[in-house]
Amino acid sequence: LEAPLRDLLASQICTLEDGLVVLNTEEYIPSAIGTRSFVDILAKDTRGRWVLIELKRSRATSREAIHEIYKYVEAVKGHLGARDDEIRAMIVSTEWKELLVPFSRFVRDTSISVSGVRISISETDETITADSVQPLQINCGRVLSPWHEISLYTSEERLAEGLASYDASCQAKGV
C-alpha cells in the first residue's frame, strides 16, 4: 500500500533532497476546473518552491503518475497562484519499467522542473535509499512535409527526372 510508504518517505524526506520541508501528506488542492487533487506529499524546497511529490509503489500504479502530476500542477497554479518556475514535481517510485518513457516525454515537454527518483526500502530497519532516474533521450521527430505526395511516372526517363527534381529541392532546403 502507498499510504505507509508515503508516511515513511515523509519521515525521511531528506533522503530525496536536503532541505526539503514537508508541509502535508495527502494535501487536498481544490480546483475550479473539475479535478480533485490529493498530492501525496506537498513540500517546499530551500528556494521556497512548491514541491509536488507523487509516489508510486507498483508497476500498475506507476502508469498513473504523469496524469496525476498534470492535475496537481494545474491545481497548484490555480489555487495557490503559483507560476511554473515556482513549482517542482518529483515522481518517486519503487518501479520504473512502465514509467520511464512517459516520464522522459514529460520532462522533455514541460517547463516545470521535474525529477525522478527510484527508491528502495530496507526490510530490516525501513531505511529508504534513493537514486536519481535519468530521463531517456526522447526523439523530437522531424516532419519534412505536412502533406503526403504520390508521384506516378509513365517511363524510366520521367522517373529519373522526378528523382532529380526531388534531390535538387532537398539540397536547396538543406535536407
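Structure's up top.
A. Structural detail: the overall build of the chain. Regarding its fold elements, the chain presents five helices and six strands. Walking the chain from its N terminus toward its C terminus, one meets helices and strands in the order α-β-β-β-α-α-β-α-β-β-α. Taken across its 175 residues, the chain has 33% of its residues classed as buried. The long-range fraction of contacts in the chain, counting pairs at least 24 apart against all pairs at least 6 apart in sequence, stands at 58%. Element-wise, carbon and sulfur atoms account for 51% of the exposed surface of the chain, whose accessible area totals about 11,000 Å².

B. Structural view of the nonpolar core. If you look at the biggest cluster of nonpolar residues, it comprises 23 residues, and the most contacted ones within it are Leu 52, Ile 91 and Phe 103. Residue assignment for this core shows that the elements contributing at least two residues are strand 2 (37–44), strand 3 (50–56), helix 3 (65–80), strand 4 (87–93) and helix 4 (100–109). If we skip the residues at most four places from it in the chain, Ile 91 touches Glu 54, Ala 65, Ile 66, Ile 69, Trp 96, Leu 99, Phe 103, Val 114, Ser 115, Gly 116 and Val 117. Counting 17 residues, the second-largest nonpolar core is a separate cluster that includes Leu 8, Ala 10, Ala 43 and Leu 55.

C. View of helix 3. Helix length check: helix 3 (16 residues) gives 21 Å between terminal C-alpha atoms against 22 Å at 1.5 Å per residue, within 8%. Listed as buried for helix 3 are Ala 65, Ile 66, Glu 68, Ile 69, Lys 71, Tyr 72, Val 73, Ala 75 and Val 76.

D. Inspection of the sheet that holds strand 4 at higher detail. Read across the open sheet, the six strands follow the order 1-2-3-4-5-6; overall the sheet is mixed. Strands at the two margins of the open sheet, each flanked by one partner only, are strand 1 (21–29) and strand 6 (128–133). Averaged over all neighbouring strand pairs, the angle between strand axes comes to 30°, with direction disregarded. Direction of pairing for strand 3 relative to strand 4: parallel, over a ladder of seven bridges.

E. Main features of the environment of Tyr 28. Checked against the element boundaries, Tyr 28 lands in strand 1. In this structure, Tyr 28 is in contact with Ser 37 and Phe 38, ignoring residues within four places of it in sequence.

F. Local environment of the pattern of salt bridges. Scanning all chains against the criterion turns up 12 salt bridges. Between Lys 77 and Asp 84 there is a salt bridge, with its nearest N and O atoms 2.9 Å apart. For Asp 84, a relative accessible area of 25% puts it in the partly exposed group. Several salt bridges share partner residues, and in doing so they unite Glu 17, Asp 45, Arg 49 and Arg 88 into one network.

G. A look at the pairing of strand 2. Across the eight residues that make up strand 2, a large majority, six, are buried. Here strand 1 runs beside strand 2; their pairing, made up of seven bridges, is antiparallel. Following the sheet pairing, Val 22 is matched in strand 2 by Ala 43. Bridging between strand 2 and strand 3 involves four bridges; their strand directions are antiparallel. Bridge pairing in strand 3 places Lys 44 opposite Trp 50. As consecutive antiparallel partners, strand 2 and strand 3 are separated by five residues, and within that stretch Gly 48 has a phi angle of approximately 85°, a positive value.

H. Region of the structure containing unusual backbone geometry. The phi torsion at Glu 26 lies on the positive side, around 50°, for a residue other than glycine. Note that Glu 26 resides in strand 1. Overall, Glu 26 belongs to the partly exposed group, its relative accessible area being 35%. If you check the backbone angles, Glu 126 has positive phi at about 55° while not being a glycine. For Glu 126, the position within the fold is in the loop between strand 5 (113–121) and strand 6. Look at Glu 126 and you get partly exposed, because its relative accessible area is 48%.

Cut-off values and rules
- Residues numbered from 1 in each chain as written.
- Predicted model: local features only at pLDDT ≥ 70, side-chain atom pairs only at ≥ 80, totals over all residues.
- Heavy atoms only, no water.
- Helix = DSSP H or I, 4+ residues; strand = E, 2+ residues; numbered from the N terminus.
- Buried < 20%, exposed > 50% of the residue type's maximum accessible area, 1.4 Å probe, protein only.
- Contact = heavy atoms within 4.5 Å.
- Areas by Shrake-Rupley, 256 points an atom, 1.4 Å probe, with all protein chains shown as cover.
- Core = buried A, V, L, I, M, F, W, Y, C linked by side-chain atoms within 4.5 Å.
- Expected span 1.5 Å × (residues − 1).
- Pairing = 2+ DSSP bridges.
- Axes fitted to C-alpha atoms, helices over the stretch in contact; angles between N-to-C directions.
- Salt bridge = Lys/Arg side-chain N within 4 Å of Asp/Glu carboxyl O.

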